[in-house]
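Structure at a glance
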Amino acid sequence: MTCKCGGELRQASPVAPNVTVCAACGRSEGVQPGPLEIWTDGSVFPNPGNGGWGWVRSDGQEACGGVANTTNNRMELTAILKALESLKPGEQATIYSDSQYCVSGLTSWHAKWKSMKWRRKGVDIPNRDLWMALDVAASLVKAKFKWVRGHNGNPGNERADRLAEQGRVTAAQSQPI
């Protein structure tokens, strides 16, 4: 199939099988109306070590990346942050993560941490920089955060897992030997 611009249309993602994206102009076709869903994941091996993050949206968009010398929790948080940054101001989405640490932090612990200036028992909370960035990014959109069991056959979570691993491998390959 070809786009109006003449470029080739390709399936956007296994999560959105009816969505095609033009390789030339980036135009999407077949986006289903309804609430936007985003699945996120992080990957580090060994932990700590080289890490990757990934997200995939129900409209077919996806992204991944990686960094050296990090932890799994940082990559899980980064995946959610990058997913939030992919949204337009005021846009609504449900964001799924297989990290109970992230989902509990965003839905239960967040308000108390913020009221205590991102400190607990007189010490900065772990990953304070990312929690503060998530606070800002989440304030610009209308996001709900939900936990999904990892490695359980959920197509969105499985795709986000593969993207996170891709980011981790890329980070590992860019490290000098």
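Just above, that's the structure.
Residues numbered from 1 in each chain as written. Predicted model: local features only at pLDDT ≥ 70, side-chain atom pairs only at ≥ 80, totals over all residues. Heavy atoms only, no water.

Let's shift gears to the side chain of N157. Looking at the element boundaries, N157 is found in helix α4 (residues 155–173). At 3.4 Å, the side chain of N157 and the side chain of D98 are in polar contact. (Helix = DSSP H or I, 4+ residues; strand = E, 2+ residues; numbered from the N terminus. Polar contact = N/O pair within 3.5 Å; in protein donor to acceptor, adjacent residues only side chain to side chain.)

Here the focus is the pairing of strand β6 (residues 62–70). Every regular strand shows the same layout, with side chains that alternate between the two sheet faces. Sheet topology note: the strand β5 (residues 49–57)/β6 ladder contains seven bridges and is antiparallel. Directly across from G51, in β6, lies its bridge partner V67. Connecting β5 to the antiparallel partner β6 that follows it, the hairpin turn spans four residues, and G60 within it adopts a positive phi of roughly 100°. (Pairing = 2+ DSSP bridges.)

Our next topic: the sheet that holds β5. Ordered in space as β6-β5-β4-β7-β10, the five strands form an open sheet in which the pairing is mixed. Each edge of the open sheet is held by one strand with a lone partner, namely β6 and β10 (142–147). In this sheet, neighbouring strand axes are inclined to one another by 20° on average, regardless of whether the strands run parallel or antiparallel. On the sheet, helix α2 (residues 100–115) packs against β7 (92–97) and β10 and is oriented at approximately 140° with respect to β10. (Axes fitted to C-alpha atoms, helices over the stretch in contact; angles between N-to-C directions. Contact = heavy atoms within 4.5 Å.)

Viewed as axis vectors pointing N to C, helix α1 (residues 72–85) and α2 meet at an angle of 55°, and their least axial separation amounts to 9 Å. With respect to α2, the element α1 is oriented oblique. Helix-helix and strand crossings are classified by hand; for α1 and α2 the assignment is right-handed. Packed against α1, whose contacting residues are N73, E76, L77 and I80, the element α2 presents Y101, C102 and L106 at the interface. (Parallel < 35°, antiparallel > 145°, perpendicular 65-115°, else oblique. Left-handed = near helix turned anticlockwise from the far one by under 90°.)

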